[in-house]
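# Tertiary structure, described
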Amino acid sequence: MRIFLVVLLALPLPAESLRYTINWPSGLSLGEVTLRSDFTRDPAAEKGAGHWAFELNIDANFPGFAVREHDQSIATSELCSTQLDKSAARGVRNTDERITFDLVNHTAMRESRNAGGRSEMQVPPCARDPLAFLGFVRKELAQGRLAPRQSVVFGAIYQLRLTFKGAESIRVADAMVDVDHLAAALNGPASDHTFEVFFARDAARTPVLAKIPSPLGTFSVELIR
C-alpha cells in the first residue's frame, strides 16, 4: 500500500502540505496521511533551476497490524529523482533504507541501514520514485496530458500504467469537487495491483481521493479540508 500512498501552477505548489484520512470501507477512519512538497530555487543556476523535496507520512492502524512510515524524496526541477529515504514499520517488520540515483550512469544504489547490504540496479535516464512520479502526473494533467507508462523505483522497479476514466464531480469532505478520474495498474517483481486516483481540476491538480482494493474491502484515502 505504501507505493499508492507522490511549477508553480503546473506542479505541486512550491510550499504545499496536504492531509488525508485513511478510511475503512464502512467509513471508519484508520489513520492519517500527510503529503508535503517544497521547491527550492538555485540562485547560482539558470532561471527556474532548483530541486523538489517531497515528504510522505503515514500513521494508521489496520486490522491486525499498524503502519508507520516516513518517506523523503529529492528530485530535480524536471522531477527526476536523486534520492529517496524510506523508514517504515509494518507490525513487527521494519525498513530503513536510502536509494541514491545516478542521473549520469542511469543507476540507483539501494542501501539498507537496518539490515545492512547494498545493491545496484539499472534505471531509466529520468527515474522517478513514487513521490516524484506523483508530482509528474500532476504536471502532465495540468498541461492536458496523461503521464505515459513508466518505471517507478521504490526498492524494486515497478511498472505503472495510467488510464484516464473521464472528468466527473465527486463528494470530498462534504463538498462537490470537479475531478479527473484515473485508474492505475501497478506491476512489480512479485505483485500486481490496481487502484483509482481522483485529481481536482484546479491549477495544481491536487489529489483529493484514492480508492485502493484489498482482500478486506476497498479502502479510501480522502483529502481533509
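Below is a short write-up of the structure. Because the structure is a prediction, the values reported are computed rather than measured.

Quick look at the overall build of the chain now. A tally of regular secondary structure across the chain gives one helix and 14 strands. Here the chain has a C-alpha radius of gyration of 17 Å; the compact-globule value for 225 residues is 17 Å, and the two agree. Along the first, second and third principal axes, the C-alpha atoms of the chain reach 45 × 45 × 25 Å. Of the side chains in the chain, 25 bear a positive and 26 a negative charge, and the two mean positions are spaced by 3 Å.

Glancing now at unusual backbone geometry. The phi angle at His106 is positive, at roughly 55 degrees, despite the residue not being glycine. Turning to its location among the elements, His106 is positioned in the loop between strand 6 (93-102) and strand 7 (107-112). Exposure remark for His106: the relative accessible area of 28% places this residue in the partly exposed category. In this model, Ala173 sits at a positive phi of 50 degrees, which is unusual for a non-glycine residue. Within the fold, Ala173 resides in the loop between strand 10 (156-172) and strand 11 (175-187).

Mapped onto the elements of the fold, Arg90 is located in strand 5 (residues 81-90). The spatial distance from the C-alpha of Arg90 to the C-alpha of Ala60 is 9.9 Å, given a sequence separation of 30 residues.

As a further point, take the nonpolar core. With 56 residues, the main nonpolar core has Ile22, Val137, Leu160, Leu162 and Val208 as its most contacted residues. Here the element with the most residues in this core is helix 1 (residues 130-142); it accounts for seven residues. Excluding residues that lie within four positions of it along the chain, Leu162 makes contacts with Phe133, Val137, Leu146, Ala147, Leu182, Ala183 and Ala184.

What follows covers the packing of aromatic side chains. Throughout the structure, instances matching the rule amount to five aromatic pairs. Each ring, one from Trp24 and one from Phe219, has its centre 5.5 Å from the other, and the planes form 70 degrees; the classification is edge-to-face. One end of the pair, Trp24, is in the loop between strand 1 (15-23) and strand 2 (29-41); the other, Phe219, is in strand 14 (residues 217-223), with 195 residues separating them in the sequence. Residue class for Trp24 comes out partly exposed when judged on its relative accessible area of 25%. Here Phe219 falls in the buried class, since its relative accessible area comes to 5%.

What follows is about helix 1. An ideal rise of 1.5 Å per residue puts 18 Å on 13 residues; helix 1 measures up with 18 Å between its terminal C-alpha atoms. Across the 13 residues of helix 1, 11 count as buried, placing the element largely inside the fold. For helix 1, the set of buried residues is Pro130, Leu131, Ala132, Phe133, Leu134, Gly135, Phe136, Val137, Arg138, Glu140 and Leu141. Taken from the residues just after helix 1, Gly144 is the one with a positive phi, measuring 80 degrees.

Here is what the cut-offs are and how they apply
Residues numbered from 1 in each chain as written. Predicted model: local features only at pLDDT ≥ 70, side-chain atom pairs only at ≥ 80, totals over all residues. Heavy atoms only, no water. Helix = DSSP H or I, 4+ residues; strand = E, 2+ residues; numbered from the N terminus. Rg over C-alpha atoms; globule rule 2.2 N^0.38 Å. Lys, Arg positive; Asp, Glu negative; His and termini not counted. Charge placed at Lys NZ, Arg CZ, Asp CG, Glu CD. Buried < 20%, exposed > 50% of the residue type's maximum accessible area, 1.4 Å probe, protein only. Core = buried A, V, L, I, M, F, W, Y, C linked by side-chain atoms within 4.5 Å. Contact = heavy atoms within 4.5 Å. Phe/Tyr/Trp six-rings, centres within 6.5 Å; stacked < 30°, edge-to-face > 60°. Expected span 1.5 Å × (residues − 1).

Don't take any of this as a statement about function, it's just geometry.
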